[in-house]
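A closer look at the structure
For reference, the chains in residue letters:
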Amino acid sequence: MILCHLYSFVLGAELLQVIINRAYTMGLLPKPFPSDFDLNFPIVQYADDTLPYLKASGKELFTLKALLQTFQLGTSLKVNFNKSCLIPINVDEGKAQNLAAVFGCQLGSLPFTYLGLPLGTIKPKVIDFAPLVDRTERRLTSNAYFLSYGVRLTLVNSVFSSLPTYYMCTLMLPKTVIDSIDRARRHCLWRGSEVNSNKKSLAAWHKVCKPKRKGGLGVLNLSIQNQALLIKFLDKFSKKNDLPWVNLVWSSYYGNYVPHLTNLKGTFWWRDICKLMDVFRGIARCHLKSGNTCSIWYYVWADQPPLFHTMSRLCSFAQNQNASVSDFLSIEAEENCTLPLSVQAFQEFQELTSSLVDIELVNENDAWSYIWGNMKYSSQKFYALNFRVIKPPVHF
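The paragraphs below set out a description of the structure included in this document. (Residues numbered from 1 in each chain as written. Predicted model: local features only at pLDDT ≥ 70, side-chain atom pairs only at ≥ 80, totals over all residues. Heavy atoms only, no water.)

Brief notes about the overall build of the protein
- Scanning the protein for helices and strands turns up 17 helices and nine strands.
- Here the protein has a C-alpha radius of gyration of 27 Å; the compact-globule value for 396 residues is 21 Å, and the former is much larger.
- Its C-alpha atoms put the protein at 80 × 65 × 35 Å along the principal axes.
- Across the 396 residues in the protein, those meeting the buried criterion constitute 42%.
- A sequence separation of at least 24 residues applies to 65% of the contacts in the protein between residues at least 6 apart. (Helix = DSSP H or I, 4+ residues; strand = E, 2+ residues; numbered from the N terminus. Rg over C-alpha atoms; globule rule 2.2 N^0.38 Å. Buried < 20%, exposed > 50% of the residue type's maximum accessible area, 1.4 Å probe, protein only. Contact = heavy atoms within 4.5 Å.)

Here it is as structure tokens:
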């Protein structure tokens with residue numbers, strides 16, 4: 001499979017998508033991979049960047065080039081093939097060079113930068129985040145030395161802490177990258193522009209990153225903020241929002257299984273998101289509809305902690321501890337347990353069956369609410385939640 005990184009004009013982007021979809025329905029341009037949930041040809045478009053996915057075939061490249069020339073004639077908008085790039089995926093170098101010559105564009109490689117982010121099939125290395133670190137360090141201007149501590153704090157919060165936000169909305173930043181950015185923020189706050197200065201910090205960095213009402217300076221904790229921004233993907237995923245990536249992940253990896261109870265699978269990006277599922281379970285409660293995304297033992301779905309804690313003896317007798325609520329209710333209650341039960345487990349079994357009597361599942365997606373009393377996820381409220389138990393220092 002190959003990617004063709006094209007440069008076109010935003011006004012014609014939608015028309016180009018229509019032309020390629022028409023060629024697909026006519027059988028001129030087959031999909032590079034099977035897809036049951038999306039009827040359109042796989043193209044990623046944003047502003048003037050167009051990223052079509054194709055099989056590594058000269059015939060299909062000829063077809064795409066003919067469609068682009070038709071697009072040019074119909075709109076008078078020119079596609080710049082010199083700036084376009086062909087990126088091979090699992091294609092040998094000789095064939096990739098021939099395909100690039102056929103298309104008349106440059107030959108690229110993975111990972112490459114798309115919309116400012118490193119895009120590839122493997123997890124980005126620390127070196128791939130070098131542009132972000134360099135951009136942060138270049139903000140250490142010589143003028144910072146003459147600024148007061150209050151102005152430097154404003155500079156750190158408004159500029160330095162904002163630079164990695166775009167990356168953190170999509171990727172889990174490596175600890176090395178966060179440490180490098182924190183080093184630049186410390187230098188700006190305590191030493192101005194003198195990176196090699198021996199001047200000591202006036203406060204520990206973990207205290208500086210506390211909210212002001214908790215005794216800190218309100219500097220953003222990048223690790224917590226990174227988690228807060230990425231958990232929004234778990235919110236959309238758990239609610240089964242009608243998004244292409246949500247449908248793809250559910251259909252490819254899970255089906256009717258509870259994601260938290262399966263092994264990590266999928267791309268590096270999805271594996272990083274899945275590592276936050278334990279955090280998500282700690283702040284979210286499932287309001288049962290279909291019951292197929294909620295574990296009956298390990299999730300909060302009633303006005304009590306998970307059954308794994310409140311009915312631990314009964315859980316130890318469960319036939320399938322990975323069962324969802326819908327799986328548990330689809331068979332007789334006794335069939336979910338290994339018999340005979342102990343006395344304590346039997347008492348818990350009676351309590352559970354009595355609490356399940358009034359539950360009626362419907363053919364709708366499960367709803368989720370959060371610990372702050374809202375059905376809508378908020379990264380700002382999640383960030384504040386991490387400092388809730390911290391007590392401010394006593395004033396002298």
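Once you've had a look at it, read on.
Focus on the nonpolar core
- By size, the foremost hydrophobic cluster in this structure holds 59 residues, and its most contacted members are Trp270, Trp297, Trp301, Leu352 and Tyr377.
- If one sorts the elements of this core by residue count, helix α9 (residues 222–238) sits on top with eight residues.
- Every residue in contact with tryptophan 270, bar those within four places of it in the chain, is listed here: Leu234, Phe237, Trp245, Val249, Tyr253, Tyr254, Lys265 and Met277.
- By size, the runner-up hydrophobic cluster in this structure holds 21 residues, among which are Leu54, Leu64, Val79 and Phe103. (Core = buried A, V, L, I, M, F, W, Y, C linked by side-chain atoms within 4.5 Å.)

Comments concerning the environment of aspartate 278
- Note that aspartate 278 resides in helix α12 (residues 277–283).
- The partly exposed category is assigned to aspartate 278, whose relative accessible area is 46%.
- As a C-alpha pair, aspartate 278 and asparagine 21 span 257 residues in sequence and 41 Å in three-dimensional space.
- Here histidine 260 takes part through its side chain, which lies 2.9 Å from a polar atom of the side chain of aspartate 278. (Polar contact = N/O pair within 3.5 Å; in protein donor to acceptor, adjacent residues only side chain to side chain.)

Quick word on the pairing of strand β4 (residues 85–88)
- On β4, burial covers both faces: Cys85 and Ile87 on one face and Leu86 and Pro88 on the other are all buried.
- Relative to strand β5 (residues 106–107), β4 is paired through two bridges, and the arrangement is parallel. Note that in β5 the partner of leucine 86 across the bridge is leucine 107.
- Following the backbone out of β4, through helix α3 (residues 93–103) and into the adjacent parallel β5, one traces a crossover that is right-handed. (Pairing = 2+ DSSP bridges. Right-handed = clockwise from strand over helix to strand, strands pointing away.)

Quick word on the pattern of salt bridges
- All chains considered together, the criterion is met by eight salt bridges.
- With its nearest N and O atoms 3.8 Å apart, the salt bridge here joins lysine 275 to aspartate 272.
- Look at lysine 275 and you get exposed, because its relative accessible area is 52%.
- Taking relative accessible area as the criterion, aspartate 272 reaches 8% and is therefore assigned buried.
- With a closest N to O distance of 3.2 Å, arginine 281 and aspartate 278 form a salt bridge. Highlighted residues: arginine 281 and aspartate 278, both in helix α12, separated by three residues, approximately one helical turn.
- Under the relative-accessibility criterion, arginine 281 is labelled partly exposed at 22%.
- Overlapping salt bridges, with partners in common, bring together Lys123, Asp272 and Lys275 in one network. (Salt bridge = Lys/Arg side-chain N within 4 Å of Asp/Glu carboxyl O.)

Digging into a nonpolar patch on the surface
- A surface patch of nonpolar side chains, about 310 Å² in accessible area, is lined by Tyr46, Leu115 and Tyr166.
- Summarising the element assignment, leucine 115 is placed in the loop between β6 (112–114) and β7 (117–119). (Patch = residues over 30% accessible without salt bridge, like charges linked within 9 Å, V, L, I, M, F, W, Y side chains within 5 Å. Areas by Shrake-Rupley, 256 points an atom, 1.4 Å probe, with all protein chains shown as cover.)

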